[in-house]
Amino acid sequence: MVDLEKAPPARSPDGEPVPRADGEGCLVVAVRLPVRIVALVLVLPVRMAWDALVVAGRFLRDTVLRPVGRALAWLGRALFVWPLVGLWRYVVVPVAKGVGWLGNVLLVVPAVWVYRWVLTPVGRALAWCCAGVGAVLTALGRGLYAGLAWLGNVLLVVPAVWVYRWVLTPIGHLLAWCGRGLARCGRGVLWCLGKVVTGIGAVLYWTLRILLVLPALAVWRWVLAPVGRALAVVGRELLDALGHAWRIAGHLSRAVGRALAALFRWTVAEPARWVYRSVLTPVGHAVRDTVLRPLAEAARAAGRAGRQALRSARLSVRQARADLRRTLFGEPERPPSVDRREPSGAKARTLGSSTTALTKD
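Residues numbered from 1 in each chain as written. Predicted model: local features only at pLDDT ≥ 70, side-chain atom pairs only at ≥ 80, totals over all residues. Heavy atoms only, no water.

Quick look at the overall build of the protein chain
Test applied: Starting at the N terminus, helices and strands are each numbered in turn, a helix being any DSSP run of H or I of at least four residues and a strand any DSSP run of E of at least two. Note on exposure labels: buried denotes an accessible area under 20% of the residue type's maximum, exposed denotes more than 50%, and partly exposed covers the range between, all computed with a 1.4 Å probe on protein chains only. Any two residues whose heavy atoms approach within 4.5 Å are treated as being in contact. Shrake-Rupley sampling with a 1.4 Å probe provides the accessible areas, and residues are treated as covered by the protein chains on show and by no other component.
The helix and strand inventory of the protein chain stands at two helices and zero strands. For the protein chain, with 361 residues in total, the buried portion stands at 5%. Taking the contacts inside the protein chain whose residues are at least 6 apart along the sequence as the reference set, 67% of them involve residues at least 24 apart. When the accessible area of the protein chain is evaluated, it comes to approximately 30,900 Å², of which 72% is carbon and sulfur surface.

Okay, here's the thing in structure tokens:
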């Protein structure tokens, strides 16, 4: 919120006013309040439109975009993910395992057998032969190296050492003495040239300093720096005013939204809820108790009566069919009934007693 009260000036322990740390003048403080009021008037419609768009976007997201996104996600899983998973699990993986097993049987096992029982013995034999040939060649190489080293020492090293000691060394000393003399002369020439260049550089430095640097420094110090400070103060005040206006507009927009929500609740939602609770619910209960429930009971009774009639008709048809079969074909032969609950020992004793009775007769 905008602070309309003037803050009391800070004072030192001795009671003297202390100047503010930010260095704001009375003109800045006097201009700040009108600027903030104008910024609030300009920013308030923008903030209320922004809050309305935010509310509409959230409603659209919750009611349209989120269900549509979930439906599209389920459809994507049903059309792409599940078929691909099934193809991978039940087609690609078994085929890959079969191909891997076939490759192992047809390639890896024969290759391992060939490596172990063919290539390894052949390689060891070749290594043994190469070791013998290498030993012979090593002996020949050492002898040839010793002969060539002695010949090179006699034909090259001894003459080269003599030429270096008695020819090149004196010539090098002479050339070094001449080079030192030339170096002394060059240092003198370079010292003179350095002095000349230093003088020319000093003249150019002061010329450029007087013609360019000092005027530019004066323009920066007395023109650009004050203008920049003024623009910085104006920009800071504008940004602060926009920030305060945006926050105040947010509070006002929230208050307007709450007022509209309360108005909608008391003019639409509460009457609709009262009508639903006090009118529609009793009417619905009365219709259910007086109309729908008797109709449902009558429908259930009619269904039970119909099922009983169908059951009676089915039994009558079944009995008539059995009577017709007995009339045409006679009574069917029935197998003798066996008491399956009698134990095996009792059955054996019954059969034994029957056999004894027949034998006596």
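Notes on the side chain of D51
You can see D51 is positioned in helix α1 (residues 26-329). By relative accessible area, D51 is classed as buried at 19%. For D51, the contacting residues outside a window of four places in its chain are G250 and S253.

Concerning a positive patch on the surface
Rules: Only residues whose relative accessible area exceeds 30% and that form no salt bridge are eligible for patches; like-charged ones are grouped when within 9 Å, while nonpolar side chains (Val, Leu, Ile, Met, Phe, Trp, Tyr) are grouped when within 5 Å. Should a side-chain nitrogen of Lys or Arg be within 4 Å of a carboxyl oxygen of Asp or Glu, the pair is scored as a salt bridge. The charged-residue count follows a simple rule in which Lys and Arg add positive charge and Asp and Glu add negative charge, with His and chain termini not counted at all. The atoms used to mark charge sites are NZ of Lys, CZ of Arg, CG of Asp and CD of Glu.
A surface patch of like charges, here positive, comprises R304, R307, R311, R314, R318, R321 and R325. Structurally, R318 is set in helix α1. Given a relative accessible area of 45%, R318 falls into the partly exposed group.

Notes on the nonpolar core
Formally: Within this scheme, the nonpolar core is defined by two criteria: the residues are buried Ala, Val, Leu, Ile, Met, Phe, Trp, Tyr or Cys, and they are joined through side-chain atoms within 4.5 Å.
Grouped together as the largest cluster of nonpolar side chains are five residues: A39, V43, A241, A245 and A249. Filtering out sequence-adjacent residues up to four positions away, V43 remains in contact with L242, A245, W246 and A249.

Digging into the pattern of salt bridges
Taken as a whole, this structure holds seven salt bridges when the rule is applied. Two residues, R61 and D62, come together in a salt bridge whose shortest N-O distance is 3.2 Å. Taking relative accessible area as the criterion, R61 reaches 39% and is therefore assigned partly exposed. D62 gets classed as partly exposed once you look at its relative accessible area, which sits at 39%. Note that D289 and R288 form a salt bridge whose closest N and O atoms lie 3.4 Å from each other. Judged by its relative accessible area of 38%, D289 falls in the partly exposed class. Looking at R288, the relative accessible area reads 36%, which means it is partly exposed. Ionic contacts of the salt-bridge type, sharing partners, join the residues R61, D62 and R66 into one network.

A word on the packing of aromatic side chains
Note the threshold: The criterion for an aromatic pair is that two Phe, Tyr or Trp rings (for Trp, the six-membered ring) have centres within 6.5 Å, with stacked assigned to planes under 30 degrees apart, edge-to-face to planes over 60 apart and tilted to the rest.
According to the stated counting rule, one finds two aromatic pairs in the structure shown. Both rings, one in W74 and one in W82, keep their centres 6.2 Å apart while their planes meet at 85°; by these two values the pair is edge-to-face. Geometrically, the ring pair formed by Y205 and W206 is edge-to-face, given 5.4 Å between the ring centres and 75° between the ring planes. The exposure class assigned to W206 is partly exposed, which follows from its relative accessible area of 49%.

A short note on the confidence of the model for the protein chain
Basically, it comes down to this: How sure the predictor is of each residue is captured by pLDDT, a score from 0 to 100.
Here the protein chain shows a mean pLDDT of 82. Residues at 70 or above account for 83%. Confidence drops under a pLDDT of 50 for residues 1-7, and excluding neighbours within four residues, the segment shows five contacts in the predicted structure. This stretch, residues 357-361, has a pLDDT under 50; its non-local contacts, to residues over four places away or in other chains, come to zero contacts.

Side note on the environment of I248
By the element assignment, I248 lies in helix α1. Between the alpha carbons of I248 and R47 there is a distance of 9.4 Å; along the sequence they are 201 residues apart.

What about the state of the cysteines?
Heads up, the condition is: Two cysteine sulfur atoms make up a disulfide if the distance between them is within 2.5 Å.
Tallied over the full model, the rule gives zero disulfides. Here C130 is not cross-linked by a disulfide; its sulfur's nearest cysteine counterpart is in C129, at 6.8 Å. Of the residues examined, C130 reaches a relative accessible area of 54% and is grouped as exposed.

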